[in-house]
Amino acid sequence: MSKAPIKLNSREEADLLLNTPVLLSSNDLYWSGLDLDYRQFEATGFPEAMVPHHYITFACKADRTPNMLRWAGGKEWQDEAPVGSAIVVPANFGYGQQWDVGLEALTLYLDPTHLATAIDETATANDVELIPQISKPDKLLYQLALGLKGNVEASGRGNRQYAATLSH
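Note that residues are indexed from 1 along each chain, following the sequence as it is written. This being a predicted model, a pLDDT of at least 70 is required before a residue's local features are given, and a value of 80 or more before pairs of side-chain atoms are given or counted; all residues contribute to the totals for chains, interfaces and linings. The basis for every side-chain value is the complete set of non-hydrogen atoms in the structure, without hydrogens or water.

A. Expanded view of the overall build of the protein. Of the regular secondary structure elements, the protein holds four helices and 11 strands. On C-alpha atoms alone, the protein measures out to a radius of gyration of 15 Å, which is about the 15 Å that the 2.2 N^0.38 rule sets for 168 residues. For the protein, the spread of C-alpha atoms along the principal axes amounts to about 40 × 35 × 30 Å. Sorting the 168 residues of the protein into buried and exposed places 43% on the buried side. Carbon and sulfur atoms make up 51% of the accessible area of the protein, which amounts to about 9,300 Å² in all. Charge counting treats Lys and Arg as positive and Asp and Glu as negative, with His and both chain ends excluded. We put the charge of a Lys on NZ, of an Arg on CZ, of an Asp on CG and of a Glu on CD. Side chains of the protein carry 13 positive and 21 negative charges; the gap between the two charge centres is 4 Å. A run of DSSP states H or I qualifies as a helix once it reaches four residues; a run of E qualifies as a strand once it reaches two. Both are numbered from the N-terminal end. Radius of gyration here is computed from C-alpha atoms only, and the compact-globule reference equals 2.2 Å multiplied by the residue count raised to the power 0.38. Between buried and exposed lies partly exposed: a residue is buried under 20% and exposed over 50% of the maximum accessible area for its type, with that area taken using a 1.4 Å probe on protein chains only. Here the open area of atoms and residues is found with the Shrake-Rupley method and a 1.4 Å probe, where only the protein chains shown may cover a residue.

B. A look at the sheet that holds strand E7 (residues 75–80). At least two bridges found by DSSP between two strands are what make those strands a pair. Judged by pairing direction, the sheet is mixed, and its five strands sit side by side in the order E1-E4-E9-E6-E7 without closing on themselves. Both outer strands of the open sheet, strand E1 (6–7) and E7, are each paired with one neighbouring strand and no more. In this sheet, strand E9 (residues 95–99) lies alongside strand E6 (residues 67–72) in antiparallel orientation, the contact comprising four bridges. Residue Trp71 lies in a different strand from E9, and its bridge partner there is Gly96.

C. Local environment of empty space enclosed by the protein. Note on definitions: the grid is 1 Å and covers protein atoms alone; a cavity is a set of points where a 1.4 Å probe fits but cannot get out; a pocket is an open set with protein on both sides within 12 Å along at least five of seven lines; lining residues have an atom within 4 Å of a point. Grid points are joined across faces, edges and corners, and a volume is the space filled by probe spheres set on the points. All chains considered together, the criterion is met by one cavity of 30 Å³ or more. Approximately 380 Å³ is the volume found for the largest cavity. In terms of lining, the largest cavity is formed by 27 residues, of which the most central are Leu18, Phe46, Tyr55, Thr57 and Gln97. Elements with a minimum of two residues in the lining of the largest cavity: helix H1 (11–18), strand E3 (34–41), strand E4 (45–50), strand E5 (54–62), E6, strand E8 (85–89), E9 and strand E10 (103–110). For this classification, Asp, Glu, Lys and Arg are treated as charged, while Ala, Val, Leu, Ile, Met, Phe, Trp, Tyr, Cys and Pro are nonpolar and the rest, including Gly, are polar. Counted by class, the lining of the largest cavity contains 19 nonpolar, six polar and two charged residues.

D. Region of interest: the sheet that holds strand E11 (residues 133–137). Pairing in this open sheet of six strands is antiparallel, and the strands run E2-E3-E10-E5-E8-E11 from one edge to the other. Taken across any chain shown, the strands that pair with only one partner, and hence form the sheet edges, are strand E2 (22–25) and E11. Within the sheet, the average angular offset between the axes of one strand and its neighbour, ignoring direction, is 20°. The pairing of E8 with E11 spans three bridges and is classified as antiparallel. Residue pairing in the sheet places Ser85 in a bridge with Pro137 of E11. The strands that H1 touches are E3 and E10; relative to E3, the one it contacts most, it runs at about 10°. Every axis in this analysis is a line fitted to C-alpha atoms, fitted for helices over the stretch in contact. Angles between the N-to-C directions lie between 0 and 180 degrees. For this analysis, residues touch if any pair of their heavy atoms sits within 4.5 Å.

E. Structural context of the side chain of Thr107. With respect to the helices and strands, Thr107 occurs in strand E10. Residue Thr107 is classed as buried on the basis of its relative accessible area of 11%. At 3.0 Å, the side chain of Thr107 forms a polar contact with the side chain of Thr57. Those residues within four positions of Thr107 in sequence are excluded, and the remaining contacts are Asp35, Leu36, Asp37, Tyr55, Ile56 and Thr57. For this analysis, a polar contact is any N or O atom pair within 3.5 Å, provided that within protein one partner can donate a hydrogen and the other can accept it, and provided that sequence-adjacent residues contribute only side-chain to side-chain pairs.

F. Main features of H1. What H1 keeps buried is the set Arg11, Ala14 and Leu18. One side of H1 holds all its buried residues, which, seen down the axis, span an arc of 60°. Among the exposed residues of H1, those oriented more than 90 degrees off its buried face are Glu12 and Leu16. Along its buried surface, H1 packs onto E3, E4 and E10. Positive phi appears at Asn19, one or two residues downstream of H1, with a value of about 55°. By arc we mean the arc of the directions from the helix axis to the C-beta atoms, nothing more.

G. Inspection of helix H3 (residues 139–153) at higher detail. Here a helix's expected span is defined as the number of its residues, less one, multiplied by 1.5 Å. Between its terminal C-alpha atoms H3 stretches 21 Å, which fits the 21 Å expected from 15 residues at 1.5 Å a residue. Among the residues of H3, Tyr142, Ala145, Gly147, Leu148, Lys149, Asn151 and Val152 are the ones counted as buried.

It is worth stressing that arrangement in space is one thing and function is another; only the former is reported here.
Below is the structure:
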């Protein structure tokens, strides 16, 4: 898309842009530097936007492999989003997409400062560069994300230490 990315300043603004209810969330579990949302989407999409957090999204369930139209950095391309493939989007990186089938998606939101200090206690968010990856299969990362989802599904019986361990 030729328009400049929409700059969003919070998760709440990003939620409004996505315009679909959260089916499952870690919000009330008070994890440190990490949140998880699980949503069901119709065939839809969102415009190119920049958010202040890193996020990793996985297509988890769909009737068939979604065909995707994506755009970032002035480029546009088409591909597919097989179940379990990761979309890694760094904070303040413009990214948008459309898909052609209803799907369920799991998204991990990472605080840039928390990620930096997990790598090096003395690091700041500006010291760590997260490289965007679009629809890359990553079985280990997907299984870790599903483990975090299982922690949330345990109705809060899972603990923050488990989530912190998996997020590292």
